[in-house]
Amino acid sequence: MFRVILNLFLLSLLFQFRSNNASSPTAQTLELQHPNYFNPKLPPKTLSSSKKFEGSSDLVNLRYHMGPVLSSPINIYLIWYGKWAPSQQLLIKDFLLSVSTFNHRAAPSPSVAEWWSTVSLYTDQTGANISRSVLIAGEYSDYKYSQGKNLNRLSIQDVIAEAVRSKPFTVDHKKGIYLVLTSVDVTMQDFCRAVCGFHYFTFASKVGYTLPYAWVGNSGKQCPEVCAYPFAVPGYMGGGGPGALKSPNGDVGVDGMISVIGHELAELSSNPLVNAWYAGEDPVAPTEIGDLCEGLYGTGGGGGYIGQVMKDRDGRTFNLNGRRGRKFLVQWIWSPVLKACAGPNAMD
């Protein structure tokens, strides 16, 4: 799940330490052809045990617990809760559809599809890999806020039940996952304080079926400095950390959601019923393949630094290319092969 608050607290401590012990910190840049590569405040090599594998550790005990993964082609059922601009919906759908955009002309390297290839390395007990085929199978707009504007983890299941009962969706318990996206004016239990998104499965008593689902909220007006970092930074960082980076598509809230959606989608695919891939002994609060790499976006990341990413001629920050010329900034994922965080924009 998404443990942003603790991570940001540790980030702030690190930034404050560096601002107190370094004179006028500056960003390191590398002058190349467009796009330029850069890493705000690249950490010294002494802070990373490995130059090649950021976040690598022999201490991470990620284990398979014999449950299913999403090995069949993945059908995503989108639930738009609240009021959404068509441009915002299109941006999110372009990201989801980029997962299966393998043509390098349609989405040049480093691409979202290449990023997902790390997720697809995970298998179930039969040896079947997580599918690389992702389809938006249906959409439902709950623009009347059927459960109000203040939601919790139980009422989000009522939102899914409402969508299923309204008949735009088939009950797809074999290949389907249900993605609930709440608009900027909707609050959620623990949103901004402890989570930016989460995934679980529905209860038969609520929905009638056990269905894997994820929720992600638009933090644009509530807490962009928490859930849309690094496109917004906490005020308490002051001059001790890097400034906010320019978002790739000009919408801080939705651009921030993209990385959270990627995080939750990767974990939902590798641990849909909370009995497959995770570290730790508590399935109620597991450490999953996205949690292990939270905050890492490129080479040189770790210790509060996002890593080497790209900047286009307009100053927009990204690390992945998607369909229709889209650009995204999405966190890396833990690789079961490298035993480290990995992404297609790695520089070594």
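Every chain begins its residue count from 1, and numbering advances along the sequence as written. Per-residue local features are limited, in this predicted model, to residues with pLDDT of at least 70; the limit for side-chain atom pairs, both in listing and counting, is 80 or more; totals at the level of whole chains, interfaces and linings are taken over all residues. Note: side-chain values were computed over all heavy atoms of the structure, leaving out hydrogens and water.

Counted only if it meets this: UniProt positions are given in the numbering used here, feature names are shortened, and annotations may be inferred rather than shown by experiment.
The chain is annotated in an unreviewed UniProt entry as Protein exordium-like 5 from Nicotiana attenuata. Looking at the chain in UniProt, the text filed under Subcellular location (unreviewed entry) is "Secreted, Extracellular space, Apoplast". The UniProt entry for the chain carries this comment under Sequence similarities (unreviewed entry): "Belongs to the EXORDIUM family."

### Examining the environment of Gly-262
Quick note on the threshold: Strands are runs of DSSP state E lasting at least 2 residues, helices are runs of H or I lasting at least 4, and numbering of each runs from the N terminus. Buried, partly exposed and exposed residues are distinguished by accessible area as a fraction of the type maximum, computed with a 1.4 Å probe on protein chains only: under 20%, between the cut-offs, and over 50%, respectively. For this analysis, residues touch if any pair of their heavy atoms sits within 4.5 Å.
On the secondary structure map, Gly-262 appears in helix H7 (residues 252–270). Here Gly-262 falls in the buried class, since its relative accessible area comes to 0%. Along the primary structure Gly-262 and Trp-115 are separated by 147 residues, whereas in three dimensions their C-alpha atoms are 9.7 Å apart. Not counting chain neighbours up to four residues away, the residues in contact with Gly-262 comprise Phe-95 and Trp-115.

### Structural notes on the packing of aromatic side chains
Aromatic rings considered in pairs are described by the distance between their centres and by the relative angle of their planes. Applicable threshold: Between rings of Phe, Tyr and Trp, where Trp is taken as its six-membered ring, a pair exists when centres lie within 6.5 Å; planes separated by under 30 degrees are stacked, by over 60 edge-to-face, and by other angles tilted. For a ring to carry a charge above it, either NZ of a lysine or CZ of an arginine must fall within 6 Å of the ring centroid while also lying within 35 degrees of the normal to the ring plane.
What the rule picks out here adds up to 17 aromatic pairs. An angle of 70° between the planes, with centres 5.3 Å apart, marks the rings of Phe-95 and Phe-328 as edge-to-face. Note that Phe-95 is positioned in helix H2 (residues 86–98) and Phe-328 in strand E15 (residues 327–328), a separation of 233 residues in sequence. In this structure, Phe-95 and Phe-328 share a single accessibility class: buried. With centroids separated by 6.4 Å and ring planes inclined at 70°, the aromatic side chains of Tyr-140 and Phe-169 adopt a geometry described as edge-to-face. A residue pair is termed long-range when its members are at least 10 positions apart, and Tyr-140 in strand E5 (residues 134–142) and Phe-169 in the loop between helix H4 (155–165) and strand E7 (176–182) qualify at 29 residues. No difference in accessibility class separates Tyr-140 from Phe-169, as the two residues are buried. An aromatic cluster of at least three residues, connected via ring pairs, comprises Tyr-77, Tyr-140, Phe-169 and Tyr-178. Looking at Lys-149, its charged tip hangs above the ring of Tyr-145, at a distance of 4.8 Å from the centre.

### What to know about unusual backbone geometry
Comment: phi is negative for the bulk of residues other than glycine, and the bulk of peptide bonds are trans. For the peptide bond that leads from Ser-109 to Pro-110, omega is -5°, which places it in the cis range. One can find Pro-110 in the loop between H2 and helix H3 (112–119). The omega angle of the peptide bond from Tyr-229 to Pro-230 is 15°, so this bond is cis rather than trans. Counting through the fold element by element, Pro-230 comes out in the loop between helix H6 (224–227) and H7. Phi is positive for Asp-190, which is not a glycine, with a value near 70°.

### Focus: the state of the cysteines
Threshold: For this text, the term disulfide refers to a pair of cysteine sulfurs within 2.5 Å.
Going through the model one piece at a time under the given rule, you end up with 3 disulfides. There is a disulfide in this structure between Cys-192 and Cys-223, and the S-S distance comes to 2.0 Å. With the S-S dihedral at roughly -75°, the linkage between Cys-192 and Cys-223 falls on the left-handed side. Taken together, the positions of Cys-192 in the loop between strand E8 (187–188) and strand E9 (197–201) and Cys-223 in the loop between strand E10 (212–217) and H6 put the pair 31 residues apart, joining distant regions of the chain.

### Overview of the sheet that holds E5
Basically, it comes down to this: Any two strands with at least two DSSP-identified bridges between them are counted as paired. Axis definition: a line fitted to C-alpha atoms, limited for helices to the stretch in contact. Angles are taken between N-to-C directions and run from 0 to 180 degrees.
Strand order across the open sheet formed by 5 strands is E5-E4-E7-E10-E9, with mixed pairing between neighbours. The strands lining the two open edges of the sheet, one partner per strand, are E5 and E9. The mean inter-strand angle of the sheet, taken between neighbouring strand axes irrespective of direction, is 20°.

### With respect to the pattern of salt bridges
In plain terms, the rule: Take a side-chain nitrogen of Lys or Arg and a carboxyl oxygen of Asp or Glu: if they are within 4 Å of each other, that pair is a salt bridge.
In total, this model carries 11 salt bridges according to the counting rule given. Put simply, Glu-139 and Lys-93 hold a salt bridge, and the shortest N to O gap is 3.2 Å. With Glu-139 in strand E5 and Lys-93 in helix H2, this residue pair connects regions lying 46 residues apart in the sequence. Salt-bridge contacts for Asp-185 lead to Lys-149; the nearest nitrogen and oxygen are separated by 3.4 Å. Of this pair, Asp-185 sits in the loop between E7 and E8 while Lys-149 sits in the loop between E5 and strand E6 (150–151), placing them 36 residues apart in sequence. Of the residues examined, Asp-185 reaches a relative accessible area of 31% and is grouped as partly exposed. Given a relative accessible area of 39%, Lys-149 falls into the partly exposed group.

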